[in-house]
Amino acid sequence: MDLAQANHAAVERMMTARPLLKGVATARDVIPGMRDGLILHAGPPIEWGRMSGPLRGAVIGALLFEGLAEDESDATGLIERGEIEFAPCHHHQTVGPMAGVTSASMAVYVVENVTHGNLAFSNLNEGYGKVLRYGAYSPEVLEKLGWMNSVMAPVLADALAASAELDLRALLAEALHMGDEGHNRNKAGSLLFLKLLAPHVARVASSDVAEEVLKFLGDNALSVLNPVMAACKAMADAGHGVEGSTIVTAMARNGTDFGIRVSGLGGDWFTAPAQVPDGLYFSGFSSEDANADIGDSTITETAGIGGFAMAAAPAIVTFVSGTPKDAVNTTMEMYEITETDHLHFTIPALDFRGTPTGIDLRKVVELGITPRINTGIAHRDAGIGQVGAGLVRPPMEVFEAALIAYAERYGV
Amino acid sequence: MSVLKTEVRPGGYYDSIVLMQLQAALADLPGVEDAGAVMATPENRALLEASGLMSDVAVEAGPADLLVVVRAETEDAATDALSRVDGLLVRGGTGGGDDYRPRSLESALKVLPEARWALVSTPGRFAAGVAREALDRGLNLFLYSDNVTVEDEVALKRRAAADGRLVMGPDCGTALIAGVGFGFANRVRRGSIGLVAASGTGLQAISSHVHALGGGVSHAIGTGGRDLAEEVGALTARQGLDLLARDPGTEVIVLVSKPPVPSVARSVLGAARGTGKPVVVHFLGFAPPARRIGSLYFATSLPEAAWMAVDLAKSAGAVVDAEKDPRGEDGGASAGGYLRGLFAGGTLASESLLALKNFLDPLHSNMKGDTIRPLEAVPRSEFHTILDLGADEYTVGRLHPMIDNDMRVRRIAQEAADPEVGLILLDLVLGDGAHPDPAGELAPAIAEARRSRDLEFVVVVVGTDEDPQDLASQVAALEDSGALVFEDLTSALSRVVDRLVEVVPPPLPPVEVELLSAPVVAVNIGLESFSESLADQGAQAVHLDWNPPAGGDDQLMAILERMRR
């Protein structure tokens, strides 16, 4: 199979993957290799010493949540004695926004790509304010997590069991026609998610609990982000491992490094220091407060949505300097570095052209165009939370390094 | 002491990004220390609290209310800032912004899939790679870039020719296709004169002169200055001639170049003859062999080339017919075989040699010339041979052939016996002092030679009707013997060329002639002004926002190039 065929095959697999939301379960029961004492995190591999504030905070929070530690110093002690293992979510078919910290007892969404049979997982979205994914671990954070795990998760599990199937690819396709781009803007998708779940929640939960759960989901315009990310992971994984392919199948950041993986380059990560996003800040914050880019949510761009589908989301054009045309141009630029137009995700403003899908390493390096990523911005200190949102591009070095590795591996 | 002012706007929906922008704009106002603009949800109120922007008023607000908070140095600054909120919330309405500019050929062709041309003016180091990709994508090239190696030029042109596509350049500054100027071009009336030019300013000068003389240009095809070099072999010029030959709008062709090496001259002149249209040839600084050889007209300057072309174009239909010699009913088609020129007159021999060296190869002679091959042995002709039989080596111990025909009679028989000979060219010089009846001795020799086979004899007669030998009867005697008789050397040589020289066939497959007639649709890569110029002329063009591949990094470029193979 030559390179063109390999890339075609990899992207074809990504696009024909059909991710369904199958259920909600406990991480240790479903995520391959998940065990007590293992903490999954966003981005490429990283040791404790190099972790940034929000990731450290989230790790501590997870140890408290798991009951493995009593307090912060207890948690740090455990880690420093090497009693805690870290691994990227990506190594366990999992993705998580921002810190992405996932531990054995946490409830996770289970997504199955029914075309190719692979599974992907993501934790549950906590909403806004002080949340674990931004490194907060105060009692209220843990309390909310506790409620999500013990109250909401079983309801969602039952509701999903009661619903025939929840097709995330179809949900995303529809949301793109409603002004979402699937990464920074998930308002429409979250409402669609709520709409699809509501009757089943009403059926399986008591009215008090149903009200609580539906309100929690409805108040959070990012409710659907996590299942969407798992869906994107399921799609991207379907395209991974095609011999000879230069298609990028993962982009992820751990708050310190930005890393990518490439379909034809096995499990290797190509990393470089993550950059600080360029964006708009919440009141009282500025770029000085910002942490370097963090989170697995770049799996959305990897799968052909997010920043790549900017033309579908004119309401958030401010991220790309202001006019709807700039949003269109952002998407147009991404066509330059991708293999093809998506079969299912289309953009009304571009005459329903498919979104740019399948980042080709060669094109990125040749044209000097890095992927456009829409992202939230975390405070550099643990626990303060989101301070803004904006745009970031991966460092070019990761693509250059991958290209050189490809040349070595394939004797180019 | 700073002042905190809060405004609550009940009811209304603002996207959080609009509000973030509003708050950034407020914070930028003079005298403003910090600002907040949020929907008053519990989370947002907590944020304001954390930033020290919370007030009693704000505590009262609910999730459907917009809170605008300003902390300023003075009361006035705060009031002023809040008074600007409405203005800051009003947005655009123009739908402004620039159109997308493609960054790669692939996406440029998505914007303009019907493009047939690529104009390439990137730095030379990258031009061959860009040109290759354009060829890969089925485009014809106008390659303005210079500093492309000759190896790359040859490879690009061979590759293009194999696919029936055209590469104008490298270092091609100008072309006119269907009235649209590429690169640098003058605004020239359209007409029936087509140009093939290996010289950019030559093309511009001739087309401008044509315009000034009232004529017009159908198409002007640039080839790049090196096209007629030996390595390249005039590939583009030959394609261009062939295109103009098949273009119904072109009646006269002008070919302009620096003087090519003889092998290329033969090839390109052979291609010019193959067009079946009158071709004005101007090889700068090249000694023209004649004003005209067959359908080829030789000019000595740019303006002359222009007026010759305009003149020919005026009588275009008639000119082509007149090309056929009235006495050549046996066909203008080439019969092949070798030429043997047996001259009594040294200058006639010399001029024939100069003219025919551009057409015949290998050409031998007892005379000297830069590309003329010497005879191995004086008594024997070989291949194409032109002999000055009046030269010293032939007249030792015998009379000059002007007065003694014996040697030429024997030599006619000798050459005629060589089955590879296709045409014998003779001169016949009359006048006082010359032989009293040369035709009386040569005509029987010609007739004798023609008895065994249909060997063509071409005779140029120099003389007047007052000469003692009687011009008319000399001509009649020669014609009776079966010879074709001409009273000027140029016509005689035209006949030789038509009979002996195969036209050079165009490179195959042909470039579709529709390339010239279809509207110009192009991708421009490099100098933006070329794109603007195309647009000004009403052609469709998309400008590619080009950057050196991989930022010009040699290692990465090499990998990418290898991956393409």
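What's the story with the overall build of chain B in this structure? I'm lost.
Broken down by element type, chain B carries 22 helices and 23 strands. Relative to a compact globule of 565 residues, whose C-alpha radius of gyration would be 24 Å, chain B shows 39 Å and is clearly more extended. Based on the C-alpha atoms only, the size of chain B along its principal axes is roughly 135 × 50 × 35 Å. Burial analysis of chain B (565 residues in total) assigns 55% to the buried set. In chain B, the share of contacts with a sequence separation of at least 24, taken over all contacts with a separation of at least 6, comes to 71%. For chain B, the exposed area adds up to about 23600 Å²; of that, 52% sits on carbon and sulfur atoms. Charge centroids of chain B, computed over 49 positive and 79 negative side chains, lie 4 Å from each other.

I keep staring at the state of the cysteines and nothing clicks. Help me out?
Here, disulfide denotes a covalent bond that connects the sulfur atoms of two cysteines. Under the definition given, this model contains 0 disulfides over all chains. Here C89 of chain A is not cross-linked by a disulfide; its sulfur's nearest cysteine counterpart is in C232 of chain A, at 15 Å.

Before we go on, may I ask you to explain unusual backbone geometry in this structure?
Leave glycine aside and you will find that most residues have negative phi; peptide bonds, for their part, are mostly trans. Residues and elements named next belong to chain B. Cis geometry is adopted by the peptide bond preceding P170, which originates at G169 and carries an omega value of 5°. Along the chain, P170 turns up in the loop between β6 (167–168) and β7 (174–177). P509 follows L508 through a cis peptide bond whose omega is -5°. Structurally, P509 is set in the loop between α19 (489–500) and α20 (514–517). Here N147, not a glycine, exhibits a phi torsion of approximately 60°, which is positive. If you trace the backbone, N147 turns up in the loop between β5 (140–143) and α8 (150–162).

Please clarify how the interface of chain B and chain A should be interpreted in this entry.
Contact residues are listed per partner, giving 37 residues for chain B and 39 residues for chain A. Note on chain B versus chain A: buried area summed over both sides is about 3300 Å², and carbon and sulfur give 59% of it. Notably, a salt bridge pairs R103 of chain B with E333 of chain A, separated by 3.0 Å at the nearest N-O pair. For the interface between chain B and chain A, the tally reads 15 residue pairs in polar contact (both at pLDDT 80 or more). Within the residue set of the side of chain B that touches chain A, elements represented by two or more residues are α1 (16–27), β2 (32–39), α2 (42–50), α6 (105–111) and α22 (554–564) of chain B. Partitioned by chemical class, the residues of the side of chain B that touches chain A number 16 nonpolar, 9 polar and 12 charged.

What am I meant to see in the sheet that holds β5 of chain B here?
Residues and elements named next belong to chain B. On the basis of which strands lie adjacent, the open sheet formed by 5 strands has the order β6-β5-β4-β22-β23 and parallel pairing. Either end of the sheet is taken by a strand with one partner, and the two such strands are β6 and β23 (540–544). Examined bridge by bridge, strand β4 (residues 117–120) and strand β22 (residues 521–525) share 4 bridges and lie parallel to one another. Pairing of L119 across the sheet is with N524, part of β22. The sheet contacts of helix α7 (residues 124–136) involve β4, β5, β6 and β22, and relative to β5 the element is tilted by about 160°.

What is the right way to look at the nonpolar core in this model?
One recurring pattern in soluble globular proteins is that nonpolar side chains are buried together. Counting residues in hydrophobic clusters, the biggest one holds 88 residues, and the most contacted among them are V59, L124, M152, F193 and L197 of chain A. In terms of residues, this core owes the most to one element, helix α5 (residues 139–162) of chain A, which gives 11 residues. If you look at the next biggest cluster of nonpolar residues, it comprises 69 residues, including F142, L241, V497 and L516 of chain B.

Can you help me understand the sheet that holds strand β16 (residues 386–392) of chain A in this one?
The strands making up a sheet associate through hydrogen bonds between their backbones, and the pairing can be parallel or antiparallel. Residues and elements named next belong to chain A. Ordered by their spatial adjacency, 3 strands build an open sheet running β11-β16-β15, and the pairing between neighbours is antiparallel. The two strands at the open ends of the sheet, each matched to only one other strand, are β11 (278–281) and β15 (373–378). Between one strand and the next, the sheet's axes are offset by a mean angle of 25°, whatever the strand orientation. For β11 and β16, the ladder comprises 4 bridges, and the chain directions are antiparallel. Counted as the bridge partner of L280 is A389 from β16.

What's the story with the pattern of salt bridges in this structure? I'm lost.
Pairing between side chains of opposite charge can happen when the charged atoms of each approach one another. All told, the structure shown has 51 salt bridges over all chains when counted by the stated rule. E33 of chain B is paired through a salt bridge with R71 of chain B; the nearest N and O atoms lie 3.4 Å apart. With a gap of 38 residues between them, E33 of chain B in strand β2 and R71 of chain B in strand β3 (residues 65–72) connect regions that are remote in the sequence. Note on E33 of chain B: relative accessible area 38%, which makes it partly exposed. For R116 of chain B, the salt bridge identified is with E514 of chain B, shortest N-O distance 3.3 Å. Here the residue R116 of chain B occupies a position in the loop between α6 and β4, and E514 of chain B occupies one in helix α20, the gap between them amounting to 398 residues. On the basis of relative accessible area, R116 of chain B is assigned to the partly exposed category, the value being 23%. When salt bridges with common partners are traced through the structure, they connect E333, R372 and R393 of chain A together with R103 of chain B into a single cluster.

What's the story with the pairing of β22 of chain B in this structure? I'm lost.
For a regular strand, the rule is simple: side chains alternate between the two faces of the sheet. The buried count for β22 of chain B comes to 5 of 5 residues, which makes it a mostly enclosed element. After leaving β22 of chain B, the chain enters helix α21 (residues 528–536) of chain B and then returns to the sheet as β23 of chain B, a path that is right-handed.

Can you help me understand the side chain of R499 of chain B in this one?
If you trace the backbone, R499 of chain B turns up in helix α19. For R499 of chain B, a relative accessible area of 12% corresponds to the buried category.

How do you make sense of the domain arrangement of chain B when you look at a structure like this?
A common way to express how large an interface is: the accessible area buried when the components associate. Per the domain assignment, the segments of chain B are domain 1 (3–89), domain 2 (172–322) and domain 3 (338–500). A straight line from the C-alpha centre of domain 1 of chain B to that of domain 2 of chain B covers 74 Å.

So what exactly am I meant to see when it comes to the packing of α7 of chain B against α8 of chain B here?
Helix-helix packing: each pair is described by the crossing angle between the helix axes and the interaxial distance. Residues and elements named next belong to chain B. Remark: α7 packs on α8, axes separated minimally by 11 Å, with the N-to-C direction vectors making an angle of 5°. As the angle between them shows, α7 and α8 are arranged roughly parallel. Residues A128, A131, R132, L135 and D136 of α7 form the contact with α8, whose participating residues are D152, L156, R159 and A160. Among the residues forming the contact of α7 with α8, the class breakdown is 5 nonpolar, no polar and 4 charged.

Conventions used here
Residues numbered from 1 in each chain as written. Chains lettered and ligands numbered in written order. Predicted model: local features only at pLDDT ≥ 70, side-chain atom pairs only at ≥ 80, totals over all residues. Heavy atoms only, no water. Helix = DSSP H or I, 4+ residues; strand = E, 2+ residues; numbered from the N terminus. Rg over C-alpha atoms; globule rule 2.2 N^0.38 Å. Buried < 20%, exposed > 50% of the residue type's maximum accessible area, 1.4 Å probe, protein only. Contact = heavy atoms within 4.5 Å. Areas by Shrake-Rupley, 256 points an atom, 1.4 Å probe, with all protein chains shown as cover. Lys, Arg positive; Asp, Glu negative; His and termini not counted. Charge placed at Lys NZ, Arg CZ, Asp CG, Glu CD. Disulfide = S-S within 2.5 Å. Buried area = accessible area lost by both parts, 1.4 Å probe. Salt bridge = Lys/Arg side-chain N within 4 Å of Asp/Glu carboxyl O. Polar contact = N/O pair within 3.5 Å; in protein donor to acceptor, adjacent residues only side chain to side chain. Nonpolar A, V, L, I, M, F, W, Y, C, P; charged D, E, K, R; others polar. Pairing = 2+ DSSP bridges. Axes fitted to C-alpha atoms, helices over the stretch in contact; angles between N-to-C directions. Core = buried A, V, L, I, M, F, W, Y, C linked by side-chain atoms within 4.5 Å. Right-handed = clockwise from strand over helix to strand, strands pointing away. Domains from an automatic or database assignment. Parallel < 35°, antiparallel > 145°, perpendicular 65-115°, else oblique.

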